Structure formats: structure tokens, C-alpha cells
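Each chain is listed here by its residues.
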There are 2 protein chains.
Amino acid sequence: MKEDRYSPGLEGIIAAETRISFLDTEHEEIVIRGYNLLELIRKVSYEAVVGLLLDEKLPDGSRQRELSQAMVQAPVPAPVYDILRKLPASMHAMDRLRTAVSALAGFDPEANSTSPESERLRAPRMIGQIAQIVANLTHIAEGREPQGFFPEYSFSENFLRAIVRRDVSAPEVRAFEQSLIAYVEHELPNSTFAARVVASTLSDAYGALTSAVASLKGPLHGGANEAVMYMLLEAKDVSGLDQLIRRKLSQKERIMGFGHRVYMRRMDPRAQLLKEVLHELISARGEGQVYADMCQRGEDIMRTEKGLYPNLDYYAAPVYYLLGIPIELYTPIFFAARSAGLLAHIIEQHRENRLYRPRVLYTGPRGLSI
Amino acid sequence: MKEDRYSPGLEGIIAAETRISFLDTEHEEIVIRGYNLLELIRKVSYEAVVGLLLDEKLPDGSRQRELSQAMVQAPVPAPVYDILRKLPASMHAMDRLRTAVSALAGFDPEANSTSPESERLRAPRMIGQIAQIVANLTHIAEGREPQGFFPEYSFSENFLRAIVRRDVSAPEVRAFEQSLIAYVEHELPNSTFAARVVASTLSDAYGALTSAVASLKGPLHGGANEAVMYMLLEAKDVSGLDQLIRRKLSQKERIMGFGHRVYMRRMDPRAQLLKEVLHELISARGEGQVYADMCQRGEDIMRTEKGLYPNLDYYAAPVYYLLGIPIELYTPIFFAARSAGLLAHIIEQHRENRLYRPRVLYTGPRGLSI
């Protein structure tokens, strides 16, 4: 065992070879199948990025229509909604989502197939079903009937309309879509790693996705976007946030939405872009300037006091709030957006599989006898 | 990135510091909190091992009674069984179990707590509820009412009775209990690793356990015990098995139940013990010798032809078959038994947490532009 290396949290350990994405911290670039993620957010649709992730190239018009149809025309099986109705409304939204994603497997005749081609073909339908489940989580918990997607709208418009259940403007849809692309794929965070670990036993895509929901729920991972919004609402205005953050800092409490294991000394490029999206949304709607001002103050304090920069969750939170999205759905939406990246990783893992089975450093007792 | 090390499947990488267990391959010993697992299997009850895992010491009589009561007196909430009824009977048993374990969180008021002490206090109840869910999976799928546990029987007797729904003999209960202890804990296999990865985001125990179910389903992991039994049933007798294995070997097919990433050149010590359990069960019941003979022939061929030795699943399969347990429950039982070890790992992870976040070796394209 002498030559084994122990790195807590696997920091600095390479755990997968991948052609999907890479955080190039040296050049401050998030690379997605060769493209800069920021260029994708600015220029293409969410469906196009799904195609890029699944096919390893940007889709042409016909492939994009095919993906779009598959993503909006697969209804969620009624028993999955029945199962959600059996769960208490007080159950954490991510736990309800985890249960529904797990249950979805029962209604896919190819659920147990780990053939990469079968998974690639089923992926767009799964992404669409997961988005519909997410959109209906709060509605079902509050006793309303679920609402599906409609073929006349894009995936992003369908997703937003099913959540907010009102007409939505083009700038609102575009802001929401840009957040989905920002969340779509990000190398090997805990949830993606968990999905690949599970997939490596040749377990199926639903199991791997269920594990990613479980991982993303954690406050050290996806839960941060909700925590940011609760902080902004508690603070109410700029001076309130100033006081709140300074008090938390003096009590050595963690401020959510700042810092990232991989981005140490700079701002998450996705946060910079979502900050622009927030400003565009505020000027399109003519309201919400207080959230931009609060976020700026928080950013300034944290940079000066701690040398920490905002991450994506910090600016996604006020965007979702201005769109009228229930706060409990912020992390489920992160998962729905990420499901495309996760499926690309599951397919890649199944294409060239090696079982994950590391070892331990045992520090307990030895030689005890009964 | 130069200094980063890449080891596919994290082979040879130490991924956790633990006081729970260790596979000492040099001395062929499975160490559980200082004790040799084989001694635990031979001498103590399953409840005692649960206490050892949770409390870091073997329980005295009063603590053992407390654990036993908690494990047999917590009923499964009725909506969890309702949810199982909503799932198609054709759905993989591990997928139904995964959904039920996920749903169970909704009925635990402390489900979101990641306090190690809260988790330690709730663990015995969770282990008992999981065993009841497992025992009723097939009954519910076949339209029968679920049956709970009774305070007058031990955990192992309750578990076996709820599965087979008949009176069971003392040698049967002891054989079943020994298999549960053999499965209870085994260092850092994929499912335990998956649970710790998920727990490291400070996600909760139900999410981590759900991920372990997803992992164990995989044919490279827990699914092996069921595959072994199907092979024995297909072969029918010793000469049939001889032909079947030789044909599979000549077609370069994998034979399930042999080999293990960590035990390379010797027999899994647990397999040796379960082989003894199988022989004892056969002599107590006066039937089933054909399965022992087939297993011996398979073991001989694989040692001679491939230099491979049986693992635990190889001998657990015929033990469960002789007990009259439905084959689809073999892997769920593995999970139910392992839930105690998994909970010990989740508690340990939450006690001294470090987020798992490894990196990748990116081999895809760079510099593409839209």
C-alpha cells in the first residue's frame, strides 16, 4: 500500500478521461466539446447544446428540430405524477424529484439498457420528461394538476411557461434559456462524478441520474442558489445586505454563492455572463434593480474582505426570482438543465467503462477478539 | 496539471480515511472496527454487528435489545407501499427499491439532518424499514398485502419470515443471518464510495443510500448473486454446469461470481464461510446437495482454467435459493444487509467532511468557434 496516494476529496486527482468538457483555469475558459461555453450561451439554443453534448457536434436544422420534438413531445407517465402526490408537500423538492426520476425508469421499456446508442436515442425524451417533472413539483405539492409541454413552443419556453403558468416574454424566455445553458455541463463536479461512479457498475442511466439529484441537493453543491435568494430576501436592500454579510463574516459563517473549488482567484465566467443576463432582464422588465444593486454590493464586500468571487448560483438566483420561479425549484432546475451533460457523461462512461473501486487509509483498531 | 495522476477506475487511489473497515489482502483478513469479519459471522448476531458499526464497539445486552427493538418496531409508512403499488411489476426490483428508499425520506421529520448524532440515532430504524421494504417487494408486485415485523422475533428471523411467509427453522435463520453479516460491510466498494461521494455535498443519508442502491444494481457489482443462480438453474446438474462454463469460457464470456478487484489470487474469505453455511443448510434440510456439487465443479474449473476464485455472491446464491427466496430479491437483500455499513460510512463522512471533486483528463477538441 506504500505507493498509494491519499488526497482528501480527491483534490488534484484525475478521475476520468473525457471528450465532453474541461475547465481551463489557465485561460479562464469552460470548454464544451471544443467550444467556449460563453459563446454557446450567447449564440445558440439549449436544444443545440443538447445536440452538441449527445452527438459530439452542433446539430444542423433538421437534427435540431428532431431533438426539440423529442424534448417537448414525451409526456410524463401518469403514475409518476401519482407517486409525487403520495409524497408529503413538506418533503424537500430535491427529494421529491429524486423519487420521481427513480420512478420514471419503470415506464421506459429500455430502462435497463446500458448500450450507449440506446442511451443517446432516449436522452432527449428523458431531458424533456425531467423538465416537466421539475416544472410541476410545486404545482402538485400545492394540489394543482400537472401541465405538460406543447409542440408550438421551444423547450425553454415550455419549461418556463409550465413553471410560472402565464404568458412569458421573449426576453424572459431568453434569460431562462441562457441560465439553462450556463448550467448544462461543467466537467466533473460532485454530481457528475457520482453519476459516473454509479454508471461504472453498468447500472443504468436512471440510477446514475438519481444519484446526481441526491448529490446536487447538498448545500455544498446545487443547494447554493436557493441559499443565495433567501439571503437577498432576508437583507431586503443594499444596506441590509451589507450588514448581513459583515455580520456573517464576523461570526465566521459561510456566505453562499461565493468561491468554487476549481476557480480560486477569479470570477466564474458563467457568473459574469449571468450578471449581464440579470441586467438585461431588469431593463426589459423595468423592475428589480434592487437585486442587481444588492448583488453588486455583496460582490464588492466579498472581493475586498475575503478575496472571493461569485459563482454561477449567485447570479442565477435573482434571475429566477424576477422570473417568478418558486425558490424551491432553483436546484431542481439546475438538475434539469444539467441532465443533458450528465447523460453525455453516462454514455461516455458506458462506452469505455472501468469500474470505480478506490481503496482506503484505515486508521481504526486492529487485532480485537470477541 | 502536470503533477495530477490518472488511474482509470481510481485503482490504487486512496479515496477515504476510515475507522470502519479494511481489506487486509496481505493477511487475508476483512477487518471490521478491529475485528475479523469471519469471527463476527461465526459468533455474534446481526444486531451486534450493527451496534459495532454505529457505536464503534460491540454492544452490551441492553444496547443490543435497544437496537433490536428499533430495527423491528418501526413500520414502513403506508404511502411508501402505495408508491410501490404504482410501479409496474416488470420494473427491476432494485429500481423499485431505489424509488422506495428515496420516498422513505418524506416520512422522516429529520430526513434533512446531516448531524452525525441524528444519523446514528435514526440508523437502526432505517435499517429495519429498508429490510421490510425489501421483504415485501415481490409480494407487492404480485398483488399481496405487505407484512411487517413482529417484536417476538429477532431481526434476521423477521426479515426471513416476511420474505418467505412460512415458519422457519433455527438453522435457516442462522444461515440467513450469517449471510447478512457477510454482506454487512466491506471497505470501499463502488456502492459505499458512491454513498460517500454523495454525502460529501452534505446531502442526506437517504440520498446517499439511494445512490448505493443504484450502484449495487449494476451487473459488475451487486447484480452478480442473481446471475450466479440463473446460471446454476440453467445448468441443472454438475455435467450441465461443466458444459455451460466451458462453453462460456471458449466464447470469452464472463462467468459471474468469480474474481474481485481487491482479492486477486485467493478466495474471498466470505465465500469460504458461505460455502460452509451452504453445506450446513443442506445437511439440516436433507436436500439441495446438487447445488453444492455444482458450485464445487464451477469452482474447480475456474481455478484450473482461469486462476479465479469464487466471491461471496457465488455461495450466497444457492443459500438463498434453498431458503426459498425469490431470485429478484438477492441483490435487494445484499443492499438491506449493507445498509448498516453504508450508514456507518455516511456518518463518518459527515463527521469529518471534505467535498469530493476530482478533475479530468480532457482529450476532446479545442478552439472551435460557431
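We now turn to the structure provided with this report. Each chain carries its own residue numbering, running from 1 in the direction its sequence is written. Each chain gets a letter, beginning with A, and each ligand a number, beginning with 1, in the order they are written. This being a predicted model, a pLDDT of at least 70 is required before a residue's local features are given, and a value of 80 or more before pairs of side-chain atoms are given or counted; all residues contribute to the totals for chains, interfaces and linings. Values shown for side chains rest on all heavy atoms present in the structure; no hydrogens or waters enter the calculation.

Description of the overall build of chain A
Then step 1. Counting from the N terminus, the helices are the DSSP runs of H or I reaching at least four residues and the strands are the DSSP runs of E reaching at least two. Along its length, chain A carries 16 helices and six strands.
Then step 2. Values of the radius of gyration come from C-alpha atoms, whereas the globule rule sets the reference at 2.2 Å times the count of residues to the power 0.38. Against the compact-globule benchmark of 21 Å for 370 residues, chain A has a radius of gyration of 21 Å, which places it among compact chains.
Then step 3. In terms of its C-alpha atoms, chain A occupies a principal-axis envelope of roughly 60 × 55 × 45 Å.
Then step 4. The buried label applies to any residue whose accessible area, calculated with a 1.4 Å probe on protein chains only, is under 20% of its type's maximum; exposed applies above 50%, and partly exposed to all values in between. Looking at chain A as a whole, 65% of its 370 residues qualify as buried.
Then step 5. Contacts are assigned to residue pairs that have any heavy atoms within 4.5 Å of one another. For chain A, contacts bridging at least 24 residues in sequence account for 74% of all contacts bridging at least 6.
Then step 6. Under the convention used here, a 1.4 Å probe and the Shrake-Rupley method define accessible areas, while residue burial counts only the protein chains that appear. Only carbon and sulfur atoms are counted for the fraction: they give 48% of the accessible area of chain A, which is about 13,000 Å².
Then step 7. Averaging the coordinates of the 44 positive side-chain charges in chain A and doing the same for the 47 negative ones gives two points 5 Å apart. Two residue types count as positive, namely Lys and Arg, and two as negative, namely Asp and Glu; His and chain ends fall outside the count. Charge positions come from single atoms, namely NZ of Lys, CZ of Arg, CG of Asp or CD of Glu.

Description of the side chain of B:H186
Residue and element names in this part refer to chain B.
Then step 1. Take H186: it is sitting in the loop between α8 (170–183) and α9 (190–199).
Then step 2. Residue H186 is classed as buried on the basis of its relative accessible area of 2%.
Then step 3. There is a polar contact of 3.4 Å between the side chain of H186 and the side chain of R270. Two N or O atoms count as a polar contact when they lie within 3.5 Å, although within protein this holds only if one can serve as hydrogen donor and the other as acceptor, and sequence-adjacent residues are included solely when both atoms are side-chain atoms.

Describing the pairing of strand β2 (residues 13–18) of chain A
Then step 1. With five of six residues buried, β2(A) lies mostly within the body of the structure.
Then step 2. Should DSSP find at least two bridges between two strands, the strands are regarded as paired. Examined bridge by bridge, β2(A) and strand β6 (residues 359–362) of chain B share four bridges and lie parallel to one another. Looking across to β6(B), one finds that A:I14 is bridged to B:R359.

Quick look at the relation of the copies chain A and chain B
Then step 1. A residue counts toward the fit only if its pLDDT is at least 70 in both copies, and the copies are then superposed by least squares on the C-alpha atoms of those residues. After a rotation of 180° and a shift along the axis of 0.0 Å, chain A superposes on chain B with an RMSD of 0.0 Å. The operation mapping one copy onto its partner corresponds to a two-fold rotation axis. Across chain A, the smallest distance between a C-alpha and the rotation axis is recorded for A:S211, namely 2.3 Å.
Then step 2. Residue by residue, 100% of the interface of chain A is reproduced at the interface of chain B, so both copies engage with the same surface.

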